[in-house]
Amino acid sequence: DVKVTQSSRYLVKRTGEKVFLECVQDMDHENMFWYRQDPGLGLRLIYFSYDVKMKEKGDIPEGYSVSREKKERFSLILESASTNQTSMYLCASSLGGPPEQYFGPGTRLTVT
Amino acid sequence: GQSLEQPSEVTAVEGAIVQINCTYQTSGFYGLSWYQQHDGGAPTFLSYNALDGLEETGRFSSFLSRSDSYGYLLLQELQMKDSASYFCAWTGGLTGGGNKLTFGTGTQLKVEL
């Protein structure tokens, strides 16, 4: 079974802090994705990566950056957290072919 | 840009059949996927349609009509455990960006006794 793990289930940070969200997948998938999920807005793509050290902006990249130094690990970075970044963050991975993405359990981030 | 529209909420009775519709306005459409998400859980993949027509997977079926920019998820013999949110998602195909998905806002299905 594909397993996608995220470093924290719940996280509380203060405005202005630098926040790191980590995601690890164990199935040698090429593609990895970061989404945020807010009520009534569905899942919105922040960034994705289709290879080590490669990244592409999604639909809402402002205020975020990413890092992919190893194939199995994809990090989301909030350079200076703001209250409007309070959200559920979901990581996903997939093979290069079919559009089936495997999601991690999510990190609920609260910025106060 | 791309947009996908789904009803926000659907209620049905256990044992019944329910259809969740998804209409889309996109450029470069390649295929439509469906995901299920239980409260507090991660989204899980249900089905994918690249071609027009019906795809059946057990109690769940998914349909696509490219000419109508429309798809739906059909759930038969509803069970209480089917209460969840269902998302349609558009993919623009296999580019250098891989199989990037754009999700709809989701439909919350409530199954009642």
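Here, the structure is the one placed above.
A few points on the structure.

Looking now at the sheet that holds strand S3 (residues 18-25) of chain B. All names here are of chain B. With antiparallel pairing, the five strands of this open sheet are ordered in space as S1-S3-S8-S7-S6. Only two strands of the sheet have a single partner each, and these edge strands are strand S1 (3-5) and strand S6 (53-57). The average angle at which neighbouring strand axes cross in this sheet is 20°, direction not considered. In the sheet, S6 pairs with strand S7 (residues 60-65) via five bridges, with the strands oriented antiparallel. Along S7, the bridge assignment pairs Leu 54 with Phe 63.

What follows covers the nonpolar core. Of all hydrophobic cores here, the largest spans 22 residues; its most connected members are Leu32(B), Trp34(B), Leu75(B), Tyr86(B) and Leu109(B). Counting 20 residues, the second-largest nonpolar core is a separate cluster that includes Cys23(A), Tyr64(A), Val66(A) and Cys91(A).

Moving on, we come to the packing of aromatic side chains. All chains considered together, the criterion is met by 12 aromatic pairs over all chains. Each ring, one from Phe103(A) and one from Phe103(B), has its centre 6.3 Å from the other, and the planes form 75°; the classification is edge-to-face. Taken as a pair, Phe103(A) in strand S10 (residues 102-103) and Phe103(B) in strand S10 (residues 101-103) lie in two separate chains rather than in one. Residue classification places Phe103(A) among the buried residues on the basis of a relative accessible area of 10%. Connected via pairs of aromatic rings, a cluster forms that spans Phe33(A), Tyr35(A), Phe48(A), Phe103(A), Tyr35(B), Phe45(B), Phe87(B) and Phe103(B).

We now examine the pairing of strand S7 (residues 64-70) of chain A. All names here are of chain A. Relative to strand S8 (residues 73-78), S7 runs antiparallel, the two sharing five bridges. Counted as the bridge partner of Ser 65 is Ile 77 from S8. Where S7 folds back on S8, the antiparallel hairpin that results is connected by two residues.

The rules behind each value
Residues numbered from 1 in each chain as written. Chains lettered and ligands numbered in written order. Predicted model: local features only at pLDDT ≥ 70, side-chain atom pairs only at ≥ 80, totals over all residues. Heavy atoms only, no water. Pairing = 2+ DSSP bridges. Helix = DSSP H or I, 4+ residues; strand = E, 2+ residues; numbered from the N terminus. Axes fitted to C-alpha atoms, helices over the stretch in contact; angles between N-to-C directions. Core = buried A, V, L, I, M, F, W, Y, C linked by side-chain atoms within 4.5 Å. Buried < 20%, exposed > 50% of the residue type's maximum accessible area, 1.4 Å probe, protein only. Phe/Tyr/Trp six-rings, centres within 6.5 Å; stacked < 30°, edge-to-face > 60°.

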